[in-house]
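So you can see what is in the structure, the chains are spelled out below.
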Amino acid sequence: MFWGNTRKKRGDEEKEKQIKELKQVFPSIRRPNNDDNLFEIKFVVNNQYSSLRVFIPGDFPSTRPGRNFI
């Protein structure tokens, strides 16, 4: 094994690109766990705050993101 291999797979590059775009589109997005697996977007509907949590699976973009309901 070669432990110094930092070469990224094509899927990892696509994942990073899409997460970067998500952060640009929603600048107020939160990362509750300080990682790129769970994102929380807060918004207002009828004068009430709501939030949408999006779970990004480890093998994204091969697997679609899911919604995490509380």
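The preceding data block contains the structure.
Residues numbered from 1 in each chain as written. Predicted model: local features only at pLDDT ≥ 70, side-chain atom pairs only at ≥ 80, totals over all residues. Heavy atoms only, no water.

1. A word on unusual backbone geometry
The general pattern is negative phi for most residues beyond glycine and trans for most peptide bonds.
Right, on to step 1. Residue Pro 61 is reached from Phe 60 by a cis peptide bond, and omega for that bond is 15°.
Right, on to step 2. Its identity is not glycine, yet Asn 34 carries a phi of approximately 55°, on the positive side.
Right, on to step 3. The residue Asn 34 is located in the loop between helix 1 (10–25) and strand 1 (38–45) in this model.
Right, on to step 4. Even without being glycine, Asn 47 reaches a positive phi, approximately 65°.
Right, on to step 5. Along the chain, the position of Asn 47 falls in the loop between strand 1 and strand 2 (48–55). (Helix = DSSP H or I, 4+ residues; strand = E, 2+ residues; numbered from the N terminus.)

2. Comments concerning the pattern of salt bridges
Right, on to step 1. Inspection of every chain in the model, using the stated rule, returns five salt bridges.
Right, on to step 2. A salt bridge links Asp 36 to Lys 23, with the shortest nitrogen-to-oxygen separation between them at 3.5 Å. Note that Asp 36 is positioned in the loop between helix 1 and strand 1 and Lys 23 in helix 1, a separation of 13 residues in sequence.
Right, on to step 3. A relative accessible area of 28% means that Asp 36 is categorised as partly exposed.
Right, on to step 4. Several salt bridges share partner residues, and in doing so they unite Arg 30, Glu 40, Lys 42 and Arg 53 into one network. (Salt bridge = Lys/Arg side-chain N within 4 Å of Asp/Glu carboxyl O. Buried < 20%, exposed > 50% of the residue type's maximum accessible area, 1.4 Å probe, protein only.)

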